[in-house]
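Examination of the molecular architecture
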Amino acid sequence: MWPSERHVWQIPSAMYEVKQTTVKRRNIDIAEWSLVATSDIQIGTFLGFYTGDHDIEYRDSLYAAKIDHIHIYPFANEANITLQERQNRPLANMNEPNVNDYENSCFVVEDGK
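**Concerning the overall build of the chain**
Broken down by element type, the chain carries two helices and five strands. For the chain, the proportion of its 113 residues judged to be buried stands at 26%. About 8,000 Å² of surface is accessible on the chain, with carbon and sulfur atoms providing 51% of the total.

Spelled out as structure tokens, the structure:
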């Protein structure tokens, strides 16, 4: 059991939602996706697993996570991500990267060693 499991006080999908937000950059409104808490989340609470297709081959991706030689790609076609795909893989929306930037707030824990 992971130590953080003792902090789970509601099902993860009830703790957050995927939302499109608008930010202003250089006086221009830009729509971006984000993962937003629906209520206060206790420190140390387990939010979920970063999921997607697993592959040993590298491909350019704004959303990929890597463990050793395995890459996790949450979205098959990053140029056309649907709302349903975002809702199915909510943790990929944390700190939504700007175009040509890379995700920097998401992490993957490898357990079982």
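**Some points on the sheet that holds strand β3 (residues 53–55)**
An order of β3-β5-β4 is seen for the three strands of this open sheet, with the pairing classed as antiparallel. Looking at strand neighbours, the two that pair on one side only are β3 and β4 (65–67), the edges of this open sheet. Ignoring strand direction, the axes of neighbouring strands in this sheet form an average angle of 25°. Relative to strand β5 (residues 70–73), β3 is paired through three bridges, and the arrangement is antiparallel. Residue pairing for β5: H54 is matched across the bridge by I72.

**Focus: the pairing of β5**
Both β4 and β5 contribute to a ladder of three bridges, which runs antiparallel. Residue pairing across strands places K66 opposite H71, the latter belonging to β5. The antiparallel pairing of β4 with β5 creates a hairpin that spans two residues between the two strands, and D68 there sits at a positive phi of about 50°.

What counts and how
Residues numbered from 1 in each chain as written. Predicted model: local features only at pLDDT ≥ 70, side-chain atom pairs only at ≥ 80, totals over all residues. Heavy atoms only, no water. Helix = DSSP H or I, 4+ residues; strand = E, 2+ residues; numbered from the N terminus. Buried < 20%, exposed > 50% of the residue type's maximum accessible area, 1.4 Å probe, protein only. Areas by Shrake-Rupley, 256 points an atom, 1.4 Å probe, with all protein chains shown as cover. Pairing = 2+ DSSP bridges. Axes fitted to C-alpha atoms, helices over the stretch in contact; angles between N-to-C directions.

Bear in mind that shape data such as this cannot, by itself, settle questions of function.
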